[in-house]
Amino acid sequence: MTVTFAKRMSFLQASEIREILKLTQKKEMISFAGGLPAAESFPVEEMKKIAVKVLDENGSDALQYSTTEGYEPLREKIAERMNRKFQTKVSANNILVTCGSQQALDFSGKLFLNEGDIVLCESPTYLAAISALKAYGPKFIAVPTDENGMIIEELERILAAQNKIKVIYVITDFQNPTGITWSLERRTAFMKLVNEYKIPVIEDNPYGELRFENQILPSLKSMDTEGLVIFTSTFSKTFCPGLRIGWIAAEPEMIEKYVLVKQGADLCTSIRSQMEISCFMDEYDFDLNVQKLVQLYRTRRNVMVDMLEKTLPKGVTFTRPQGGLFLWVELPKQMKALDLLQDCLKKHVAFIPGDSFFPNGGVENALRLNYSSMPEEKIREGIRRLSQAIKEYEKK
Ligand code: PMP
């Protein structure tokens, strides 16, 4: 092609894994690769009724453009839920409705990043956050992370040594990809440092409500005394991703900036989708819907963990998430997850090799497994095949 693309396109490359994963769409495949919520949990019949009700009650307003900030009744409901679940003190003025929380990540890049700026993130971190932010040409520093979250001493060392850090991106609850949750101590220590260095934080929290055990821990936003935390979440995992409704919760001055970015991107989020979610929350028990998902995913998590415990060979370790959709497996150092994936695809099992979740690469012996989208018997069979493939690989 003779056309010249913008420089930022050189930061984006088609991933080798995406190509491989196209194979996972085959019917016979047991796929632990995607991050899909369980399709059977979507309230299809209820949403048919809601669609009619929204059009009956709102007529052409449901099909019109709407305000960039979002549908007021939905913003109010989001604020109320956040205060109840995540211990924040926000109101509708703090909320901007977005087209999924993925849009919030892209907007954050546009808002904060010049080429060469530094983004701090967990190690590993969410693959598509790396893709969204990468377009703006930053450097990533993946802060060493353990089972309780970012290691604060390491974070402090990096904050003291680098002067181009523009944002810190974190997923504190049931992280994608590892499933780990930050301890309360880490959250508190993290916010103390953030306040000291005055660096904006993107707190990405799509999974927090999907907690199988114990209480939801206070969000970073609830500890934010300086207006530095930009909380983003979504209805994709607690309801249905097809409606594409997410949100940003931040201080009004910050929201104003995001509104400017959104106006240039898409003017507003689908008003019909927003009205449908708002109407569903009026007509049905949204908390009950979330509770049902929690039960379903808890069972699937239990089945996967149980099978991994029974079948994995020695030397392979994995996380035991207390919520969310994913767990993380570490193979012995000499094994490569990408090679294992090739073997597994022959057995019709798929997962995502872990390397893509490290912005600077370099970790080849880990993989992410999703347990939300496959029924129990497929999880059992899939893990049996995965463990078999690992044992065969060890003998090579
Ligand atoms: N953040 C994280 C950590 C995610 O896992 C996802 C979805 N996989 C998103 C953001 C984006 O979700 P959505 O755009 O559907 O709200």
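Residues numbered from 1 in each chain as written. Predicted model: local features only at pLDDT ≥ 70, side-chain atom pairs only at ≥ 80, totals over all residues. Heavy atoms only, no water.

**Description of the overall build of the protein**
Helix and strand counts for the protein stand at 12 helices and 14 strands. Computed over C-alpha atoms, the radius of gyration of the protein comes to 21 Å, within 12% of the 21 Å expected from 2.2 N^0.38 for 396 residues, which places it in the range of a compact globule. Its C-alpha atoms give the protein principal-axis dimensions of roughly 65 × 55 × 55 Å. Burial status across the protein gives 56% buried among its 396 residues. The long-range fraction of contacts in the protein, counting pairs at least 24 apart against all pairs at least 6 apart in sequence, stands at 76%. If you sum the accessible surface of the protein, you get close to 17,800 Å²; carbon and sulfur atoms cover 51% of it. With 51 positive and 52 negative side-chain charges, the protein shows a separation of 5 Å between the mean positions of the two kinds. (Helix = DSSP H or I, 4+ residues; strand = E, 2+ residues; numbered from the N terminus. Rg over C-alpha atoms; globule rule 2.2 N^0.38 Å. Buried < 20%, exposed > 50% of the residue type's maximum accessible area, 1.4 Å probe, protein only. Contact = heavy atoms within 4.5 Å. Areas by Shrake-Rupley, 256 points an atom, 1.4 Å probe, with all protein chains shown as cover. Lys, Arg positive; Asp, Glu negative; His and termini not counted. Charge placed at Lys NZ, Arg CZ, Asp CG, Glu CD.)

**Some thoughts on the nonpolar core**
Within the largest apolar cluster, 81 residues are counted, with the highest numbers of intra-cluster contacts made by F235, L340 and L369. It is helix α10 (residues 286-311) that contributes the most residues to this core, 10 residues altogether. Mapped onto the domain boundaries, this core takes at least three residues apiece from domain 1 (8-43 + 288-394) and domain 2 (59-283). Look past the residues within four positions of L340 in its chain and what remains in contact with it is L331, F351, L367, L386, A389, I390 and Y393. Within the second largest apolar cluster, 27 residues are counted, among which are F112, A132, F140 and V259. (Core = buried A, V, L, I, M, F, W, Y, C linked by side-chain atoms within 4.5 Å. Domains from an automatic or database assignment.)

**What about the packing of helix α4 (residues 100-112) against helix α8 (residues 252-265)?**
Where α4 contacts α8, the axes come no closer than 10 Å and their chain directions differ by 105°. Looking at the two axes, α4 sits roughly perpendicular to α8. Each of Q103, A104, F107, S108, K110, L111 and F112 in α4 lies in contact with α8, whose residues at this interface are M254, K257, Y258, V261, K262 and A265. Taken together, the residues that form the contact of α4 with α8 break down as 8 nonpolar, 2 polar and 3 charged. (Axes fitted to C-alpha atoms, helices over the stretch in contact; angles between N-to-C directions. Parallel < 35°, antiparallel > 145°, perpendicular 65-115°, else oblique. Nonpolar A, V, L, I, M, F, W, Y, C, P; charged D, E, K, R; others polar.)

**Digging into the sheet that holds strand β14 (residues 366-370)**
Strand order in the open sheet formed by 4 strands is β10-β11-β14-β13, with antiparallel pairing between adjacent strands. Edge strands, defined here as strands with exactly one partner in the open sheet, are β10 (317-318) and β13 (352-353). Inspection of the sheet shows β10 paired to strand β11 (residues 326-330) by 2 bridges, in the antiparallel sense. In the sheet register, T317 faces β11, and the bridge partner there is E330. (Pairing = 2+ DSSP bridges.)

**Description of the site of the ligand**
Taken together, the neighbourhood of the ligand is formed by 13 residues, with S101, D204, Y207, T234 and S236 sitting nearest. At 2.6 Å, a side-chain N or O of T234 approaches an oxygen atom of the ligand. Contacts to the ligand include R244, whose side-chain N or O atom sits 2.8 Å from an oxygen atom. For the shell around the ligand, the element with the most residues is α4, which contributes 3 residues. The class makeup of the residues in the shell around the ligand is 4 nonpolar, 6 polar and 3 charged. (Near = heavy atom within 4 Å. Polar contact = N/O pair within 3.5 Å; in protein donor to acceptor, adjacent residues only side chain to side chain.)

**Description of the sheet that holds strand β3 (residues 118-123)**
If you walk across this open sheet you meet the 8 strands as β2-β9-β8-β7-β6-β3-β4-β5, and the pairing is mixed. In this open sheet, the two strands that pair with only one neighbour each are β2 (95-98) and β5 (149-150). Relative to strand β4 (residues 139-146), β3 is paired through 6 bridges, and the arrangement is parallel. Bridge assignment links E122 to a residue of β4, and that residue is V143. Along the sheet, α8 makes contact with β2, β8 (229-234) and β9 (246-249), crossing β2 at roughly 25°.

**Here we look at the domain arrangement of the protein**
According to the domain assignment, the protein consists of domain 1 (8-43 + 288-394) and domain 2 (59-283). Look at where the C-alpha atoms of domain 1 and domain 2 centre, and you get two points 25 Å apart. Of the roughly 2,900 Å² buried at the junction of domain 1 and domain 2 (both faces included), carbon and sulfur atoms supply 66%. When the buried area of domain 1 at its contact with domain 2 is split by residue, F11, Q322 and P359 rank highest and sum to 22% of it. Our count for the contact surface shared by domain 1 and domain 2 stands at 1 salt bridge. As a salt-bridge pair, R301 and E213 come within 2.6 Å of each other at their nearest N and O atoms. (Buried area = accessible area lost by both parts, 1.4 Å probe. Salt bridge = Lys/Arg side-chain N within 4 Å of Asp/Glu carboxyl O.)

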